[in-house]
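Listed below, chain by chain, are the residues.
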Amino acid sequence: MADGHMRVTILIPALNEELALPATIAALMALDPPADEVLLVDGGSSDATVALARAAGLRVMVSPQRGRAVQVNFGVEAAQGPIVCVLHADSALPVDGVALIRATMADAGTALASFTPRIAGPGGTRWVTTAHNLIKTWYAPLILRPHLFLRGVRLLFGDHAMFFRRADFLAVGGCDAQVAIMEEADLCIKLARLGRTRMVPRWVWTSDRRIAAWGPLRANWIFFKIGILWSFGARARLGTLYPDVR
């Protein structure tokens with residue numbers, strides 16, 4: 001078992017993810033070393049999400065409210081590990097992901113970190129979107145929060161599989177429960193006050209289901225538009241611009 005100060009909880013906020021969850025669970029079971037805890041926080045699924053998670057031996061909790069920010073807050077409060085990695089239900093960490101998390105957070109100056117997202121599906125990697133996802137961690141703060149960029153802050157997003165210290169998350173007030181999407185970007189800004197934000201140069205594999213549903217051009221336009229609107233203070237209405245693909 002890991003040192004008590006380096007126990008890692010992998011937190012999965014989920015809603016109607018029965019199609020994506022089996023591959024995610026398979027990747028979690030392959031982790032070496034394994035996570036100390038895998039906690040799925042369900043938002044009221046009407047499909048087999050909860051049954052699949054319980055059958056795989058995951059710890060399952062049902063959030064009192066639906067919404068990823070609310071579910072993440074609820075899960076972090078209940079997490080047993082002092083380090084928490086928020087993993088989307090359609091994503092897979094590298095096999096040595098837990099070791100990488102521990103090594104990264106051993107640096108006291110790092111407040112928030114993530115993996116590097118690789119968007120892929122049955123047809124292979126979506127390299128244009130993957131590249132855009134990478135460079136926006138640089139250009140978003142450079143253009144929109146230059147004072148933070150000069151301090152070394154890189155804007156991380158949910159499909160990066162962000163990880164942080166539970167105590168720091170609670171200290172900054174967690175995710176804004178009123179934010180439908182981009183809650184992780186808001187969290188990134190909060191945690192940047194406590195230390196560095198950085199992206200580990202190892203892939204986290206994320207489903208391309210949105211690109212498959214929307215088409216590459218529309219998908220990247222939606223990602224860009226939401227980011228710009230968020231930067232100018234839009235919050236509540238962003239969810240209406242992000243169609244559900246589950």
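Our subject is the structure listed above.
These lines cover the structure that appears in this document, whether it is placed above or below. (Residues numbered from 1 in each chain as written. Predicted model: local features only at pLDDT ≥ 70, side-chain atom pairs only at ≥ 80, totals over all residues. Heavy atoms only, no water.)

**Section: the pairing of strand β1 (residues 8-14)**
For β1, the tally of buried residues reaches seven of seven residues, placing the bulk of the element in the interior. Burial along β1 is two-sided: Val8, Ile10, Ile12 and Ala14 and Thr9, Leu11 and Pro13, pointing in opposite directions, are all buried. Pairing geometry for β1 and strand β4 (residues 83-86), over four bridges, is parallel. The residue of β4 that forms the bridge with valine 8 is isoleucine 83. Taken together, the six bridges between β1 and strand β2 (residues 37-42) define a ladder with parallel strand orientation. What sits directly across from isoleucine 12, in β2, is leucine 40. A crossover links β1 with its parallel partner β2, the connecting element being helix α1 (residues 21-29), and its sense is right-handed. (Buried < 20%, exposed > 50% of the residue type's maximum accessible area, 1.4 Å probe, protein only. Helix = DSSP H or I, 4+ residues; strand = E, 2+ residues; numbered from the N terminus. Pairing = 2+ DSSP bridges. Right-handed = clockwise from strand over helix to strand, strands pointing away.)

**Regarding helix α3 (residues 68-78)**
Of the positions making up α3, those classed as buried are Ala69, Val70, Gln71, Val72, Asn73, Gly75 and Val76. On its buried face, α3 is in contact with β1, β2, β4, β8 (163-165), α7 (166-171) and α8 (183-191). (Contact = heavy atoms within 4.5 Å.)

**Here we look at helix α4 (residues 97-105)**
Taken across its nine residues, α4 has seven buried, putting it largely inside the fold. Residues Gly97, Val98, Leu100, Ile101, Arg102, Thr104 and Met105 constitute the buried set of α4.

**Regarding the packing of aromatic side chains**
For any two aromatic rings, the description comes down to two numbers: the centre-to-centre distance and the angle of the planes. According to the stated counting rule, one finds three aromatic pairs in the structure shown. The interplanar angle of 50° and the centroid separation of 5.5 Å between the aromatic rings of phenylalanine 115 and phenylalanine 163 together place this pair among those described as tilted. In this pair, phenylalanine 115 sits in strand β6 (residues 110-121) while phenylalanine 163 sits in strand β8, placing the two residues 48 residues apart along the sequence. Taken as a pair, phenylalanine 115 and phenylalanine 163 share a single burial class, namely buried. (Phe/Tyr/Trp six-rings, centres within 6.5 Å; stacked < 30°, edge-to-face > 60°.)

**Describing the pairing of β4**
Covered by surrounding structure in β4 are Ile83 and Cys85 together with Val84 and Val86, the residues of both alternating faces. Across three bridges, β4 lies against β8 in antiparallel orientation. Considered in β8, the bridge of isoleucine 83 is made with arginine 165.

**A few points about empty space enclosed by the protein**
Taken as a whole and assessed by the stated rule, the structure comprises one cavity of 30 Å³ or more. By volume, the largest cavity is sized at about 50 Å³. In this structure, the largest cavity is lined by Val72, Val86, Met162, Phe164, Cys175, Glu183, Glu184 and Leu187. The element that contributes the greatest number of residues to the lining of the largest cavity is α8, accounting for three residues. Each residue belonging to the lining of the largest cavity can be placed in one class, and the counts come to six nonpolar, no polar and two charged. (1 Å grid on protein atoms, 1.4 Å probe; cavity = no way out; pocket = protein on both sides within 12 Å on 5 of 7 lines; lining within 4 Å. Points joined across faces, edges and corners; volume = space filled by probe spheres on them. Nonpolar A, V, L, I, M, F, W, Y, C, P; charged D, E, K, R; others polar.)

**Observations concerning the side chain of threonine 130**
Secondary-structure assignment places threonine 130 in helix α5 (residues 127-144). With sequence-adjacent residues up to four places away left out, threonine 130 is seen in contact with Pro117, Arg118, Ile119, Thr125 and Trp203.

**What to know about unusual backbone geometry**
Residues apart from glycine generally show negative phi values, whereas peptide bonds are mostly found in trans. Residue proline 33 is reached from aspartate 32 by a cis peptide bond, and omega for that bond is 5°. Residue position: proline 33 is located in the loop between α1 and β2.

**Notes on the environment of phenylalanine 164**
Within the element layout of this structure, phenylalanine 164 appears in strand β8. Once you skip the residues sitting within four places of it in the chain, phenylalanine 164 turns out to touch Val76, Pro82, Ile83, Val84, Val86, Met105, Ala111, Leu112, Phe169, Leu187 and Leu191.

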